[in-house]
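Residues per chain, in single letters:
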Amino acid sequence: MDGMSREKWDKMTKDQKREHIWEYYKIPIVAVLAVIAVLTWFTYIDLTHVDPLMDVIMTDMDEELLDDSAYQEFLKENDYEAYIGAVSLNQNLYFYLDDPDNSNYETNGTSYQILYGMISSKTQEILFSQPKVFGVCAAEGAMMDLSRVLPQELLDLHEERLLYVVDEETGEKYPYGVNVEGNPWMEQVQKGYKGYVGIIKTTDAPEMAIDFIVYFLNQFEMVDET
């Protein structure tokens, strides 16, 4: 209690009343204002947040992209809403599979667990990864069979760039990934990146993922025409 009586309160000026309230109640006042500020901020974030249209995993990036600017042309060309953040980039996974003394064994194991967890979440569309990692994902059935979703003429045109997996039961081979080496778009994203790109089988946005792979393959035309 602050010891204030009704009689004392009535005799105080407005300034005295304000000073009294602040002196005795500043901590709860500040606490209430802080709560209001936090609630206002979270309300603002909730109202202004826009979910990404496509989620991309890019492992082993030498320099992580600051934003999804590299994908804006793809979005516009395919009539998707183009805004910064339309493509979510997951770039913090690294694999050290060529380590001769296995000093990164634990790191690799953790990276695989995170990658499998992301794939099983059914929210990821595209995977860029180094050959060994991508090959494991394809062999375990995590990647989409491109022959089921891409035009045959496009597959034939880029046959030498495709990664194939052999069906153990039928002996037939199917394309699951595209070699990114020499792709002009990839060279702008990260020069000298070696690996494959493909569609994650559990994607919840297959049409957009297919459009991106078609867009990616078409970028090779700039090289083939020279």
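Up top is the structure.
Residues numbered from 1 in each chain as written. Predicted model: local features only at pLDDT ≥ 70, side-chain atom pairs only at ≥ 80, totals over all residues. Heavy atoms only, no water.

Asker: Requested: an account of the overall build of the protein chain, with residues and values cited.
Answerer: When its secondary structure is counted, the protein chain shows 9 helices and 6 strands. The buried share of the protein chain, taken over its 226 residues, is 38%. Long-range contacts, defined as pairs at least 24 residues apart, comprise 65% of the intrachain contacts of the protein chain with a sequence gap of at least 6. Only carbon and sulfur atoms are counted for the fraction: they give 53% of the accessible area of the protein chain, which is about 14,200 Å². (Helix = DSSP H or I, 4+ residues; strand = E, 2+ residues; numbered from the N terminus. Buried < 20%, exposed > 50% of the residue type's maximum accessible area, 1.4 Å probe, protein only. Contact = heavy atoms within 4.5 Å. Areas by Shrake-Rupley, 256 points an atom, 1.4 Å probe, with all protein chains shown as cover.)

Asker: Give a description of the pattern of salt bridges that names residues and reports values.
Answerer: Applying the stated criterion to the full structure yields 4 salt bridges. Two residues, R148 and D145, come together in a salt bridge whose shortest N-O distance is 3.6 Å. What makes R148 exposed here is its relative accessible area of 73%. Of the charged contacts in the structure, one is a salt bridge between E181 and K194, with a shortest N-O distance of 3.4 Å. Pair noted here: E181 is in the loop between β5 (173-179) and α7 (184-189) and K194 is in the loop between α7 and β6 (196-199), with a separation of 13 residues, a long-range link. Here K194 falls in the exposed class, since its relative accessible area comes to 52%. (Salt bridge = Lys/Arg side-chain N within 4 Å of Asp/Glu carboxyl O.)

Asker: With reference to specific residues and values, describe unusual backbone geometry.
Answerer: Excluding glycine, residues mostly have negative phi values, and the peptide bonds linking residues are mostly trans. Phi at D79 takes a positive value of approximately 60 degrees, unusual for a residue other than glycine. Take D79: it is sitting in the loop between α3 (72-77) and β2 (87-90). Within the chain, K122 stands out as a residue other than glycine whose phi angle is a positive 65 degrees. Along the polypeptide, K122 turns up in the loop between α4 (105-120) and β3 (126-129).

Asker: Residues and numbers for the sheet that holds β2, please.
Answerer: The pairing of strands in a sheet happens through backbone hydrogen bonds and is either parallel or antiparallel. Spatially, 6 strands are ordered β2-β1-β3-β6-β5-β4 in an open sheet, and the strand pairing comes out mixed. Both edges of this open sheet fall to β2 and β4 (162-166), since each of them pairs with a single strand only. Direction aside, the axes of adjacent strands within the sheet are offset by 30 degrees on average. Relative to β2, strand β1 (residues 54-58) runs parallel, the two being bridged by 4 bridges. Across the sheet, the residue bridging to D55 is S88, located in β2. On top of the sheet, helix α8 (residues 206-218) reaches β1, β3, β5 and β6; it is set at about 150 degrees to β6, its chief contact. (Pairing = 2+ DSSP bridges. Axes fitted to C-alpha atoms, helices over the stretch in contact; angles between N-to-C directions.)

Asker: Pulling in residues and values, what's your account of the nonpolar core?
Answerer: Counting residues in each nonpolar core, the largest one holds 38 residues, and the members touching the most others are M58, Y71, I126, F128, F212 and F216. Listing elements by their share of this core, those giving two or more residues are β1, α3, β2, β3, α6 (152-157), α7, β6 and α8. Residue contributions to this core peak at 8 residues, all from α8. Once residues lying within four places of it in the same chain are set aside, the contact partners of M58 are L65, Y71, L89, N90, Q91, F128, M186 and V189. (Core = buried A, V, L, I, M, F, W, Y, C linked by side-chain atoms within 4.5 Å.)

Asker: Give a detailed account of the packing of aromatic side chains, specifying residues and quantitative values.
Answerer: In this structure the tally under the stated criterion is 16 aromatic pairs. Ring centres of F74 and Y80 lie 5.9 Å apart, and the angle between their planes is 40 degrees; this geometry places the pair in the tilted category. For F74, a relative accessible area of 0% puts it in the buried group. Using a relative accessible area of 22% as the deciding quantity, one classes Y80 as partly exposed. (Phe/Tyr/Trp six-rings, centres within 6.5 Å; stacked < 30°, edge-to-face > 60°.)

Asker: I'd like a description of helix α5 (residues 131-139), backed by residues and values.
Answerer: The set of residues buried in α5 consists of V133, F134, C137 and A138. Across the axial projection of α5, the buried residues extend over an arc of 135 degrees, all falling on one side. Where α5 is buried, its residues touch α4, β3, β4, β5 and β6. Positive phi shows up at G141, right after α5, with a value of about 80 degrees. (Arc of directions from axis to C-beta.)

Asker: Lay out α8 in plain terms, naming residues and giving numbers.
Answerer: The terminal C-alpha atoms of α8, which comprises 13 residues, lie 18 Å apart, in line with the 18 Å expected from a rise of 1.5 Å per residue. Residues of α8 that are buried: M208, A209, I210, F212, I213, Y215, F216 and L217. (Expected span 1.5 Å × (residues − 1).)

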